[in-house]
Amino acid sequence: MTLTWQSFGRWLAVLMLLGGCACCCGSAGPIGFAPDLADTDVVGTWTSEEGARLVLRADHTFSTHSLGDCADADGDHAPGTDGEGLWTLDEPELLNPYQQLNLAYHPYGEMLQNWGAQDDEIVYVFGDTDSGGVCFFTRDETGSR
């Protein structure tokens, strides 16, 4: 069995979902460690292999660029578009390997996407659980922090 990025992304999405269910349903045993990030840990420019870009600024504003370049295993592109707004980082959860990152786009303020942060990556999960996609972002060392 060969593990592709698409199948890895599906398994990661399932594990994240199970982590949330375990928290709500009282199952024992963590599936990952909470990263316990501070806001300053995620400030900077993050890019994906597909060319999408996320810029998180210290004043809690953000911008996204080319999120539609991310695609799931079926080739369906992510619903995200270029935009700006305000971001927040939730408190860490003990059963979730990612700390929830909230992006509230202007002018609506709605958070329609699922984002998570770790020490060295940010993940964007989109679509349904059967054929959903995952776009991984790493810090762009050439971008401003």
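Heads up: the structure comes first, above all this text.
Basis of the calculations
- Residues numbered from 1 in each chain as written.
- Predicted model: local features only at pLDDT ≥ 70, side-chain atom pairs only at ≥ 80, totals over all residues.
- Heavy atoms only, no water.
- Phe/Tyr/Trp six-rings, centres within 6.5 Å; stacked < 30°, edge-to-face > 60°.
- Helix = DSSP H or I, 4+ residues; strand = E, 2+ residues; numbered from the N terminus.
- Core = buried A, V, L, I, M, F, W, Y, C linked by side-chain atoms within 4.5 Å.
- Buried < 20%, exposed > 50% of the residue type's maximum accessible area, 1.4 Å probe, protein only.
- Contact = heavy atoms within 4.5 Å.

## Brief notes about the packing of aromatic side chains
Piece 1. As enumerated under the stated definition, the model contains four aromatic pairs in all.
Piece 2. Centre to centre, the rings of Trp115 and Phe137 are 5.5 Å apart; their planes meet at 45 degrees, and the pair counts as tilted. Within this pair, whereas Trp115 is found in strand β6 (residues 114-117), its partner Phe137 is found in strand β8 (residues 133-139), the two being separated by 22 residues in sequence.
Piece 3. Between Tyr124 and Phe126 the ring centres are 5.2 Å apart and the planes differ by 35 degrees, which places this aromatic pair in the tilted class.

## Structural notes on the nonpolar core
Piece 1. Formed by 23 residues in total, the largest nonpolar core has its most connected members in Leu54, Leu56 and Phe137.
Piece 2. Once residues within four sequence positions are removed from consideration, Leu56 is found in contact with Val42, Val43, Gly44, Trp46, Thr61, Phe62, Trp87, Leu101, Leu103 and Ile122.
Piece 3. Judged by nonpolar contacts, the second largest core, of five residues, contains Tyr98, Val125, Val134 and Phe136.

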